[in-house]
Amino acid sequence: MRKLAFVVLLIACLIQNAAAQKKLFPETEDQKKERMAWWVNDRFGMFIHWGLYALPARHEWVKNQERITTEDYQKYFDNFNPDLYNPREWAKMAKAAGMKYAVITTKHHEGFCLFDSKFTDYKATNTAIGRDLLKEWVEAFRAEGLKIGFYYSLIDWHHPDFTVDRVHPQRTDDKAKLAELNKGRDMNKYREYLHNQVRELLTNYGKVDILWLDFSYPGENGKGAKDWDSEKLLKLIRQLQPGIIVDDRLDLKDYEDGWDFTTPEQYKVSKWPEVNGKKAYWETCQTFSGSWGYYRDEMTWKDTKQLLGLLIESVSKGGNLLLNVGPTARGMFDERANKALLAMGEWMKWNNRSIYGCTQAPEEFKAPDNTLLTYNPKKNRLYIHLLDYPLQNLTLTGFAGKIKYAQFLHDASEIKISQRTEHGMKEGESTGSINLSLPVIKPNVEIPVIELILK
Ligand code: GLC
């Protein structure tokens, strides 16, 4: 009996392992590295969640959370008129913050499309504003030299063929009621709609750098790869936009190449994330205040230091940060978002060298307490981010003999290096540690950065 269990387990492991190795495309690891190169270099992007949910202004899941029917949700469509929408201003803000790419919700779970889709009437062109808001957005962001990404919700709480499941606004535990609700709904038709819209998005707007599909929840009364026909969809995507970078929410994690990067959402990872034992390309998406869509009464806004901490921390573990703005229903970034972006931009202006092109530091360099390290492998420079400004001396253990020169990054002012000696040591003896002499007064920089030019 035991033997049998062992054999079953072994076979299960082998199958799982084989599954992890499955591939959909001929691309090699080096070719992928090349395709991902700009994204890995750029590190910092803007997420934009904008849709009808900006009107209720109390979370983009409001339809779900308050179990609103499509009929009752209609008032937001009827009143949608973002008269102040000027994506050029958005693009300028993103650029000023130091962001290099941006990803916008072309359609969120509510089903409303910012773009002029042939396959639905539920779109911006049919509202009071009467314009293809996505087209203008693409032009504006491209004009500022930013790379562009489309978020597209796999979920659709408006489409009449999308079946009611466990995360649907009309969800119910009553099986008979559920069957009743789903009578006449045909996921085959929805799947076709989904593929058609992705085709439109990747055909009508020129080069698209990123596709951010969201999200799968397989299992009982959920939806996953089969429901979306994710394999076919990904093949279509790669065929239409060969260079595009795709997130990992299509439920294709069994395939080595069923996704390009992984997406830890609203939490700090403890180390560089691994998938199937391999360090993965990764991007954390984060909000200023908890909600993605504009949320008028949400007061838990992160401060500048916390936001910069998120960015630096991501790079220090080899990842990217996609930071979200939820514009208002008039088409503006609200004042708090603008303030945060400008403050981050102020820091980035002087310190972006520790972000762009940087990654996790080689293991031999241990971060001193209250610091984060990043490293530029091409330039062989190491960056020490001082989260808590030390009193005059910063001791670096294990760095002795490895540093050519040290300076503050923001003003290129020299930082003196000395071998650290300890009381009672003879001349010429060394602790192996070195000391950096810092000014007493913290430079007027939110998080000061020391740049070490390595030997
Ligand atoms: C989630 C949520 C959503 C948000 C997204 C961003 O899956 O459903 O509202 O758009 O994550 O990562």
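Residues numbered from 1 in each chain as written. Predicted model: local features only at pLDDT ≥ 70, side-chain atom pairs only at ≥ 80, totals over all residues. Heavy atoms only, no water.

1. What about the overall build of the protein chain?
The line we're drawing: Runs of E in the DSSP output that reach at least two residues are strands. Runs of H or I that reach at least four are helices, and both are numbered from the N terminus. In this setup the radius of gyration rests on C-alpha atoms only. A globule is expected at 2.2 Å times the number of residues raised to 0.38. Only protein chains enter the area calculation, which uses a 1.4 Å probe; residues under 20% of their type maximum are buried, those over 50% are exposed, and those in between are partly exposed. In this analysis, two residues are considered to be in contact whenever any of their non-hydrogen atoms come within 4.5 Å of each other. Only the protein chains shown count as cover for residues, with accessible areas throughout obtained via the Shrake-Rupley method and a probe of 1.4 Å. All tallies of charge rest on Lys and Arg as positive and Asp and Glu as negative; His and the ends of each chain are not included. Here the site of a charge means atom NZ of a Lys, CZ of an Arg, CG of an Asp or CD of a Glu.
When its secondary structure is counted, the protein chain shows twelve helices and 16 strands. Against the 2.2 N^0.38 benchmark of 23 Å for 455 residues, the protein chain shows a C-alpha radius of gyration of 25 Å, consistent with a compact globule. Dimensions of the protein chain, computed from C-alpha atoms along their principal axes, come out at roughly 85 × 70 × 40 Å. Taken over 455 residues, the protein chain has a buried fraction of 54%. Residue pairs at least 24 apart in sequence account for 71% of intrachain contacts in the protein chain once pairs closer than 6 positions are excluded. Carbon and sulfur atoms provide 50% of the accessible area of the protein chain, an area that totals close to 21,300 Å². Put simply, the protein chain has 64 plus and 62 minus side-chain charges, and the middle of one group is 3 Å from the middle of the other.

2. As for the pattern of salt bridges
Worth spelling out the cut-off: By convention in these notes, a salt bridge is any Lys or Arg side-chain nitrogen within 4 Å of a carboxyl oxygen on Asp or Glu.
In the structure shown here, the tally under the stated rule is 29 salt bridges. Ionic pairing is found between K95 and E144, a salt bridge with its closest N-O pair at 3.8 Å. Residue K95 is found in helix α5 (residues 87-97), and its partner E144 is found in the loop between α6 (133-143) and β3 (147-153); the two are separated by 49 residues along the sequence. A salt bridge links D209 to R142; the shortest N-O distance between them is 2.8 Å. Of this pair, D209 sits in the loop between α8 (187-204) and β4 (210-214) while R142 is found in helix α6, placing the two residues 67 residues apart along the sequence.

3. Observations regarding the sheet that holds strand β8 (residues 283-286)
Note the threshold: Pairing between two strands is assigned when DSSP locates at least 2 bridges connecting them.
Sheet architecture is open: seven strands sit in the order β5-β4-β3-β2-β1-β9-β8, paired in parallel fashion. The outermost strands of the open sheet, each flanked by one partner alone, are β5 (245-246) and β8.

4. Some details on unusual backbone geometry
A cis amide bond, omega -15 degrees, links D214 with the succeeding residue F215. Topologically, F215 is positioned in the loop between β4 and α9 (225-228). Not every positive phi belongs to a glycine, and N221 is a case in point at roughly 55 degrees. Counting through the fold element by element, N221 comes out in the loop between β4 and α9. Its identity as a non-glycine residue notwithstanding, N276 has a phi of 50 degrees, on the positive side. In this structure, N276 sits in the loop between β6 (274-275) and β7 (278-279). N276 gets classed as exposed once you look at its relative accessible area, which sits at 54%.

5. Observations regarding the domain arrangement of the protein chain
When the parts of a complex come together, some accessible area is lost, and that lost area is often used as the size of the interface. What counts here: What counts as a domain boundary in this text is fixed by an automatic or database domain assignment. What counts as buried area is the accessible surface, traced by a 1.4 Å probe, that two parts surrender upon association, with contributions from both included. Any pair of N or O atoms that falls within 3.5 Å is considered a polar contact. Within protein, one atom must be able to donate a hydrogen and the other to accept it, and sequence-neighbouring residues count only if both atoms are side-chain atoms. In this classification, Asp, Glu, Lys and Arg are treated as charged, Ala, Val, Leu, Ile, Met, Phe, Trp, Tyr, Cys and Pro as nonpolar, and every other residue, Gly included, as polar.
Partitioning the protein chain into domains gives domain 1 (27-354) and domain 2 (371-454). Computed over C-alpha atoms only, the centres of domain 1 and domain 2 are separated by 40 Å. Contact with domain 1, which involves 13 residues of that partner, is made by 16 residues of domain 2. Between domain 1 and domain 2 the total buried area reaches about 1,300 Å² when both faces are included, carbon and sulfur atoms providing 62% of it. Taken together, the links from domain 1 to domain 2 amount to one salt bridge. As a salt-bridge pair, R353 and E451 come within 2.7 Å of each other at their nearest N and O atoms. Our enumeration of links across domain 1 and domain 2 arrives at five residue pairs in polar contact (both at pLDDT 80 or more). When contributions to the side of domain 1 that touches domain 2 are tallied by element, the ones reaching two or more residues are α11 (304-316) and α12 (335-351). With eight residues, α11 is the largest single contributor of residues to the side of domain 1 that touches domain 2. A class-by-class count of the residues in the side of domain 1 that touches domain 2 yields five nonpolar, five polar and three charged.

6. Details of the site of the ligand
Quick reminder of the rule: Distances are taken per atom, and a residue is near a molecule or strand as soon as one of its heavy atoms is within 4 Å of it.
Lining the immediate surroundings of the ligand are 14 residues, of which H49, E60, H108, H109 and E265 lie closest. With respect to the ligand, the side chain of H49 contributes an N or O atom lying 2.5 Å from an oxygen atom. Here an oxygen atom of the ligand sits 3.3 Å away from a polar atom, N or O, in the side chain of Y151. Here the ligand, which alone exposes 310 Å², has 95% of that area covered by the protein. Looking at the shell around the ligand residue by residue, the classes come out as seven nonpolar, three polar and four charged.

7. Things to note about a nonpolar patch on the surface
Put simply, the rule reads: Each patch is built from residues that are more than 30% exposed by relative accessible area and take part in no salt bridge. Like charges join if they lie within 9 Å; nonpolar side chains (Val, Leu, Ile, Met, Phe, Trp, Tyr) join within 5 Å.
Together, L391, V440 and I441 give the surface a local cluster of nonpolar side chains, amounting to about 360 Å² of exposed area. Among the secondary structure elements, I441 is positioned in the loop between β15 (433-437) and β16 (449-454).

8. What to know about α8
Note the threshold: Given a helix with a known number of residues, its expected span is that number minus one, times 1.5 Å.
Relative to the 26 Å expected for 18 residues at 1.5 Å per residue, α8 spans 25 Å between its end C-alpha atoms, a close match to the ideal helical length. Looking at α8, one finds that the buried residues are M187, Y190, R191, Y193, L194, H195, Q197, V198, E200, L201 and L202. As for α8, its buried residues are in contact with β2 (101-107), α6, β3, β4, α9 and α10 (230-240). Between the side-chain oxygen at the start of α8 and the backbone nitrogen of N188 there is a gap of 2.9 Å, and the oxygen is on D186. Positioned one or two residues after α8, G206 has a phi angle of 70 degrees, which is positive.

9. A word on the nonpolar core
What counts here: To qualify as a nonpolar core, a set must consist of buried Ala, Val, Leu, Ile, Met, Phe, Trp, Tyr and Cys residues joined through side-chain atoms within 4.5 Å.
The biggest cluster of nonpolar side chains holds 100 residues, and the ones touching the most others in it are W137, F141, F150, W228 and I237. Examining the composition of this core, we find that seven residues originate from one element, α8, more than from any other. When residues of this core are assigned to domains, at least three fall in each of domain 1 (27-354) and domain 2 (371-454). Ranked by size, the runner-up nonpolar core spans 21 residues in total, among them I384, Y389, F399 and I434.

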